[in-house]
Structures are given as C-alpha cells and as structure tokens.
Amino acid sequence: MVYNNQYLLLGFIIITRFFRTGWSATASDMIRLRKSLFGNYSKEIVPLYNQSVPLQVQMSFFLIMIHDLDMKNQVLTASGWLKIEWYDEFLRWNPADYGGIDELIVFQREVWLPDLFVENTAQDYKELGNDAMLISVSHRGKIFWEPGIVTETSCAVNIGRYPFDSQSCDIRYLTWMHTNRTLTVEPEFKTIDLEATLPNGEWDIARTEALPYSYPSTYKQGTSHTGVKFFVYLRRKRTFYILNTIIPVVMLSLLNVLVFILPADCGERMALAVTVLLSFTVYLGIISDVMPKTSESLSLLAVYLTTLLSLSTISVGCAGVVLNIHHKDPRTAVPRLARILLGGSGKHNYKALHRRSTIRDKYVESDSLRDVQDTVHLNMKEMVSDNKPLENGDADNHNVECKTTSSTAPECQWLVKDGEDVSKKHYATWHDIGKSLDNILFWIFFIITVTVTTTMLLLFCGVHGF
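Residues numbered from 1 in each chain as written. Predicted model: local features only at pLDDT ≥ 70, side-chain atom pairs only at ≥ 80, totals over all residues. Heavy atoms only, no water.

As enumerated under the stated definition, the model contains 18 aromatic pairs in all. Both rings, one in Phe 117 and one in Trp 176, keep their centres 4.6 Å apart while their planes meet at 70°; by these two values the pair is edge-to-face. With Phe 117 in strand β4 (residues 116-118) and Trp 176 in the loop between β8 (166-175) and β9 (183-187), the pair connects residues that are 59 residues apart, well separated along the chain. Accessibility expressed as a relative area gives 11% for Phe 117, which makes it buried. Of the residues examined, Trp 176 reaches a relative accessible area of 46% and is grouped as partly exposed. Their ring planes at 70° and their centres at 5.8 Å tell us that Tyr 125 and Trp 176 sit as a pair that is edge-to-face. Placement of Tyr 125 in the loop between β4 and β5 (134-138) and of Trp 176 in the loop between β8 and β9 is noted, with a sequence separation of 51 residues between them. Taken together, the ring pairs connect Phe 38, Tyr 41, Tyr 49 and Phe 90 into an aromatic cluster. Between the NZ or CZ atom of Arg 109 and the centre of the ring of Phe 107, over which it lies, the distance is 4.4 Å. Of note, Arg 207 hangs over the ring of Tyr 233, and the distance from its end group to the ring centre comes to 4.0 Å. (Phe/Tyr/Trp six-rings, centres within 6.5 Å; stacked < 30°, edge-to-face > 60°. Helix = DSSP H or I, 4+ residues; strand = E, 2+ residues; numbered from the N terminus. Buried < 20%, exposed > 50% of the residue type's maximum accessible area, 1.4 Å probe, protein only. Lys NZ or Arg CZ within 6 Å of the ring centre and 35° of its normal.)

So, about the pattern of salt bridges. Summed over all chains, the structure comprises 11 salt bridges. The salt bridge partner of Arg 32 is Asp 29, with a shortest N-O separation of 2.9 Å. With Arg 32 and Asp 29 both in helix α2 (residues 27-38) and three residues apart, the pair spans about one turn of that helix. Glu 209 is the salt-bridge partner of Arg 207, the closest N and O atoms lying 3.7 Å from each other. With relative accessibility at 39%, the residue Arg 207 sits in the partly exposed group. Under the relative-accessibility criterion, Glu 209 is labelled partly exposed at 22%. Within the structure, one salt-bridge network assembled from shared partners comprises Lys 83, Glu 85, Lys 142 and Glu 188. (Salt bridge = Lys/Arg side-chain N within 4 Å of Asp/Glu carboxyl O.)

Bringing the confidence of the model for the protein chain into the picture now. When pLDDT is averaged along the protein chain, the result is 77; 71% of the residues meet or exceed 70. Under a pLDDT of 50 for its full length, residues 18-22 has, in the predicted model, eight contacts with residues more than four places off or in other chains. (pLDDT = per-residue confidence, 0-100. Contact = heavy atoms within 4.5 Å.)

Note on sheets: strands pair through backbone hydrogen bonds, and any given pair is parallel or antiparallel. The sheet built from four strands is open, its strands ordered β4-β8-β11-β10 with antiparallel pairing. In this open sheet, the two edge strands, each paired with only one partner strand, are β4 and β10 (203-216). Averaged over all pairs of adjacent strands, the angle between their axes in this sheet comes to 20°, without regard to strand direction. Of the pairings in the sheet, the one linking β10 to strand β11 (residues 224-236) comprises 13 bridges and is antiparallel in character. If you follow Tyr 215 over to β11, its bridge partner there is His 225. (Pairing = 2+ DSSP bridges. Axes fitted to C-alpha atoms, helices over the stretch in contact; angles between N-to-C directions.)

The next subject is the packing of helix α3 (residues 239-258) against helix α5 (residues 300-326). One can describe the packing of α3 onto α5 by two numbers: an axis separation of 10 Å at closest approach and a directional angle of 20°. Considered as vectors, α3 and α5 are oriented roughly parallel to each other. Helix-helix and strand crossings are classified by hand; for α3 and α5 the assignment is left-handed. Judged by residue contacts, Thr 245, Ile 246, Val 249, Val 250, Ser 253 and Asn 256 of α3 engage Leu 301, Tyr 304, Leu 305, Leu 308, Leu 311, Ser 312 and Ser 315 from α5. Looking at side-chain class alone, the contact of α3 with α5 contains eight nonpolar, five polar and no charged residues. (Parallel < 35°, antiparallel > 145°, perpendicular 65-115°, else oblique. Left-handed = near helix turned anticlockwise from the far one by under 90°. Nonpolar A, V, L, I, M, F, W, Y, C, P; charged D, E, K, R; others polar.)

Structure below.
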C-alpha cells in the first residue's frame, strides 16, 4: 500500500506539472521572468560567459522576389527576410519556475545583436531590422531574429550574350567590427529558400547558393570579418526579346540585300537604303541605352548591329555608284577592261550604238530583225550625226522607211553588216556594267549578311546557362 500511495503521489505531481506548464502561466510569471532575465542583462557584450571563444551565428535567407536587375546601373533589387540564430547564455531559464513559459518575445533593441550589414549595398549602409521589430528567445537561450529586407546590391553584369544572357548576382552579409575572434557567421543551409518566391516577368531563377564569406580585418591584423554570401543565378526570359529585337533586326538585315534588286530606274532604291541605315541606327541606340557604359564585356548583339550598320552604310555608297553608272552619258566610252569582262565586241561608234540600241529595244521584240514586220522609222537628222551619206536627194526627208533588213537604203545599212545580223551582236554599255555590278553586289552582301546572321544565331543558341 505504501508503494501504491507513492506511485499515486508521483503521478499526481507529474500531471499537475503538466497542466501547470501547459496552461497555468500568468502575467505575473511573465513579469517575474523578464525581471529575472533583464535585471542584470547587458546587451553591449557578447552573450558568452567565456569571452575567449567566438560566438557562433547561423544565417539563412528566404527570398520573396527579384524586383529588378538594372543592367545600365548594374544594381540588383530583391526583397525577403533573414533568419539569424545564435545562443545567448544570459537568457536561459527553467520553464517550470515560470508557469511553463518556454518562449519569450521581446523587442530587438532589448537584446544583444550581431553587427551585420550588407557589404555590397548600392545604398547607404543600414542596420538590419528596427527597434520595433520583435525577436524570439527560447528557454534554452536560442535567439531567432528574422528581419525583413529590401536590398539594392551591386551586381557586375555580363552583357556579352544579351538578350540570351545569364547573370550571377550576390548579396553579401558581413560583420562590421566583430572579427572571427569574437564572432563567426556561417550559412545554415547551402541554398536560398525559394518556397515563398514570387515570379519575375524578366528573369528566371536558375539556382541559388549560400557560401561562407570572410574579409581581412583592416584594423586588427591576422583576423577577418566573417559573413555569408548568397548567390542568385538568373536566366533572362527570351520570348519578348526574340519577338521585339532579334526577328526585326534579322528582317532588316535582308533589306540591305534587296537594295540591289530594285531596278536602277526606280527612284526608291536610295530611299530604301537610307531607311534601312536609319533603322539600324535606331536599334543600336535602343540597345546602347540599356547596356552599361563599360568595356569589360561587349554585347554580341551590339557588335551584330554595328556590323549591319556598316554594311548598310556601304550599301548606300554602292547604290549611289551603281546609279551613277546606270545614268552615265552613253557618249562616254566604256573602258576596255569592262568590255572584255562583259564579253562585248571591240571598237564601234558609241553615238550610233546608243541610238540603235534604243530603237532596237523599243521596236524589236523577236530574236532576229528579219522577223520584224513593223516599220522602223529612222530620224534623218540623227543619221547625219553619224556621218552617214544620204542619197537620192532625201536629205530633206525626215523619215526613211526600212521595212526589212534587206533594204538597200544607206540609212538602213547599220541593220546588216557583212551579212551578219547586228542585233545579235552584244555591245558593252554603261547600263550593262550597272546591271553586272548590281548582281555582284547582291551576292556579296547576301553572303556577308547570311554569314554574320548565322554566326550570331549559333552563338546565341549555344548558350546553355547555368
């Protein structure tokens, strides 16, 4: 019976303790606890009884959103919150002595805090959190501090493969004055927590990483400041840039080639060439406004646009030269080299040839003049300029009819020479030279444009990211 009574008493005490620790805490218990903990508490010293060893602090980062990556200013804007944990040996108690209270919520200004700051900030240096922020203290002395942050940090961007680029940015937290002799900061996890992350319209988060970070102390030789470096690897979403930049630029590049397809007599050739030139200038200006003013890396897209701009400039010059050749005075002799290259015959009267070719192009539609049934009217005054003799007193007659190539009229003898159909002979003219130049320039610009465009697309398509 004695043993049974002892067991019953022990059970009653256990049950009473359970209900007391679970439900019977009062305001007076909380007041007694706070007075007990903070009566002699000093937040100016590291919360360790043994001041010769460093305090261990762990950090983790919960990312909410990547707001923006300013390419021009090279600044990453992100928001989230940190979870910082350490043990404060001065804030420990037995929950059973205070109505079962095992957690205490206090303002961060009431306890010691590690002197952490964002080292690579693009703003002013600020302390984490604020005096009104609360922190959690467990009965074992473990502190949970979760300050919210909106950071603007410097990020060295690589614009080489823009807009098919991937960027690596980091947010570095470091102690301000404490060195590794008094305080060591380490990452709690190897990655950033992305469970609460909201999507960004421009960037995808490829992966994240959290690594220890240290920086040599500038005031105490042989020591270093410790912290954590949080990496965010971003990959640009490409659909917008493909539809609004890449495809229009590639289509414009083909217009450089079409300049040499338009007929020389068409007045729109130079207008098209100049319009394409101005379009490339506009696109290059847009890209330059986005890019940072740095020479550390060159954008392939900017190089591509500059190349196309150069080709467009050359095409304007070439179009002007070709138009000048097309409309050159036909009385000007064609260079011997041009006649040889074009396969033309040798010496001939260029004045007569110009008039004859004009008449032939206008009235002759078949391959042979012998098939011509229409009457070709020759102006007698023009024949005089060729020093052709006029017979039978027809000098006053302005028109002589040559109904067939067998006509014996001297004015018609240019149609037949030594029994050969002159219309079948090819004479090199400035118009022929212009057309040949158009064909040559078309293929030169076509090959260069296709080669440059294909090379650029292969370089962009070869990007694998992180």
